[in-house]
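As a plain string of letters, each chain reads:
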Amino acid sequence: MSAQTHREPEGSLLIAWQLKGKNVLIVGGGEVASGRIQHVLDAGAAITLVSPADGLHTLTKSFIESSDRITYHDREFNPSDLDGVDMVLTAIDDVVVSRDIGIRSRTLRIPVNVADDPSYCDFYFGSQIRRGPLQIMVSTNGKGPKLASLIRQRIEEAVPQGAGEAIEKVGLLRERLKERAPGVGGGIGRRRMQWMINLCTTWEMDDLARLDDEQMERMLVEGWEKNIVLSPEEVRVHGSRVRSVENN
Ligand SMILES: C[C@@]1(CC(=O)O)c2cc3[nH]c(cc4nc(cc5[nH]c(cc(n2)[C@H]1CCC(=O)O)[C@@](C)(CC(=O)O)[C@@H]5CCC(=O)O)C(CC(=O)O)=C4CCC(=O)O)c(CCC(=O)O)c3CC(=O)O
Ligand SMILES: NC(=O)C1=CN([C@@H]2O[C@H](COP(=O)(O)OP(=O)(O)OC[C@H]3O[C@@H](n4cnc5c(N)ncnc54)[C@H](O)[C@@H]3O)[C@@H](O)[C@H]2O)C=CC1
């Protein structure tokens, strides 16, 4: 056994939780809650927001006014707010009520984040970067949130400009490839994956970001069908093949 296996685990599970169409209860409407609202809206969920109107942050107010996915209640938390929700986030300035919500949520087996007490959290937030479908989260597992934020800023500077757009285009191309060559697993799966790997490793991100509809079609008809990956030059200049990568 390696030394690694003897150590107490210090991490948490990093996953991209799919919340589209789910119901999230947010208790509190201050600055921290406004950040939570943004993240949950980005994830496509519906929000029930419970917080007295006199404590609302300006950002929270603007979310309530502009989003049709927020149901707002101008009052304090009530235990029946937990009925039928898929996730609970509390960001209030009352640690007794916070912990009570944490305990009730756990009893009901609803995943909960209590902003002011990590020991009542089933999961933590992290410092996030979003560029289209690209999502990067820095977590220090509760040890140093401010440092997480500073590290995130350094990563932000290092992420290539076209990364979000490149991922968007690769996503579209993968969908079209699966339509053209359907089937799960087996030989076709292996061939599709090798072709995508060759494409992603030989093309610059900026070139991927510039791919248009017609060029994608050419890559599939003249590339995939012949088991090669066309170069950006070949894709842009129809017919004149300059360089291509064999798909093996
Ligand atoms: C455990 C966790 C639970 C959770 O919130 O999910 C948690 C807990 C607590 N934070 C506290 C304080 C601060 N939090 C921030 C900022 C952020 N906090 C975030 C996440 C997390 N904070 C989770 C772990 C994150 C990780 O693992 O790294 C970020 C990353 C994401 C987000 O909130 O969206 C966001 C940065 C977003 C960005 O900039 O990108 C700042 C800095 C600032 O405000 O500028 C301060 C003051 C400075 C400091 O303390 O570092 C306190 C009070 C401590 C006290 O009383 O002393 C607690 C409670 C406690 O620790 O007991
Ligand atoms: N996890 C994190 O990243 C951070 C956590 N915190 C902690 O998070 C908590 C919230 O911070 P802020 O948003 O800055 O506070 P805030 O004071 O701006 O907002 C608190 C909100 O909770 C509402 N509220 C209070 N009691 C309520 C109840 N019983 N039911 C419903 N709503 C209620 C208030 O009306 C207000 O809208 C604080 O305890 C703070 O220490 C602070 C900074 C970062």
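All values derive from a computational prediction rather than experimental measurement.

For the rest of this paragraph, the subject is the environment of W17. Within the secondary structure, W17 is located in the loop between α1 (3–6) and β1 (23–27). As a C-alpha pair, W17 and R190 span 173 residues in sequence and 27 Å in three-dimensional space.

The next thing to look at is the confidence of the model for the protein. Averaged over all residues, the pLDDT of the protein equals 93, while 93% of them reach at least 70. ipTM for the predicted complex: 0.97, alongside a pTM of 0.91.

A separate point is the site of ligand 2. Neighbouring residues of ligand 2: 22 residues in total, closest G28, G30, V32, G55 and D116. Per-class residue counts for the shell around ligand 2 are twelve nonpolar, five polar and five charged.

With respect to topology, five strands assemble into an open sheet ordered β3-β2-β1-β4-β5, the strand pairing being parallel. The open sheet terminates on both sides in strands that have one partner only, identified here as β3 (70–73) and β5 (112–114). Adjacent strand axes in the sheet meet at a mean angle of 15°, parallel and antiparallel pairs treated alike. Alignment of β1 against strand β4 (residues 87–90), held across four bridges, turns out to be parallel. What sits directly across from V27, in β4, is T90. Contacting β1, β4 and β5, helix α4 (residues 95–107) runs over the sheet at an angle of about 165° to β5.

Here strand β6 (residues 127–131) runs beside strand β7 (residues 134–138); their pairing, made up of five bridges, is antiparallel. Within β7, the position partnered with Q128 by the bridge is M137. Remark: two residues form the turn of the hairpin made by β6 and β7, two consecutive strands paired antiparallel; G132 in that turn has positive phi of roughly 60°.

For the rest of this paragraph, the subject is the pairing of β4. The alternating pattern of β4 places M87 and L89 on one face and V88 and T90 on the opposite face, and all of these are buried. Pairing of β4 with β5, which is carried by three bridges, proceeds in the parallel orientation. Bridging from a neighbouring strand, L89 pairs with N113 of β5. A crossover connection joins β4 to the parallel β5 through α4; in handedness this β-α-β unit is right-handed.

Once that is clear, we can look at the packing of helix α2 (residues 31–42) against helix α3 (residues 58–66). Where α2 meets α3, the closest approach of the two axes is 8 Å, and the angle between their N-to-C directions is 35°. In the packing of α2 onto α3, the handedness of the crossing is left-handed. Contacts from A33, S34 and I37 of α2 reach α3 at L59, T60 and F63. Split into classes, the residues belonging to the contact of α2 with α3 amount to four nonpolar, two polar and no charged.

In this structure, R109 is a non-glycine residue whose phi angle is positive, near 60°. As for its position among the elements, R109 is in the loop between α4 and β5. Positive phi outside glycine occurs at N227, with the angle close to 60°. For N227, the location among the structural elements is in the loop between α9 (213–223) and β8 (228–230).

Criteria and cut-off values
Residues numbered from 1 in each chain as written. Chains lettered and ligands numbered in written order. Predicted model: local features only at pLDDT ≥ 70, side-chain atom pairs only at ≥ 80, totals over all residues. Helix = DSSP H or I, 4+ residues; strand = E, 2+ residues; numbered from the N terminus. pLDDT = per-residue confidence, 0-100. Near = placed C-beta within 6 Å. Nonpolar A, V, L, I, M, F, W, Y, C, P; charged D, E, K, R; others polar. Pairing = 2+ DSSP bridges. Axes fitted to C-alpha atoms, helices over the stretch in contact; angles between N-to-C directions. Contact = placed C-beta atoms within 7 Å. Buried ≥ 20, exposed ≤ 12 C-beta atoms within 10 Å, placed from the backbone. Right-handed = clockwise from strand over helix to strand, strands pointing away. Left-handed = near helix turned anticlockwise from the far one by under 90°.

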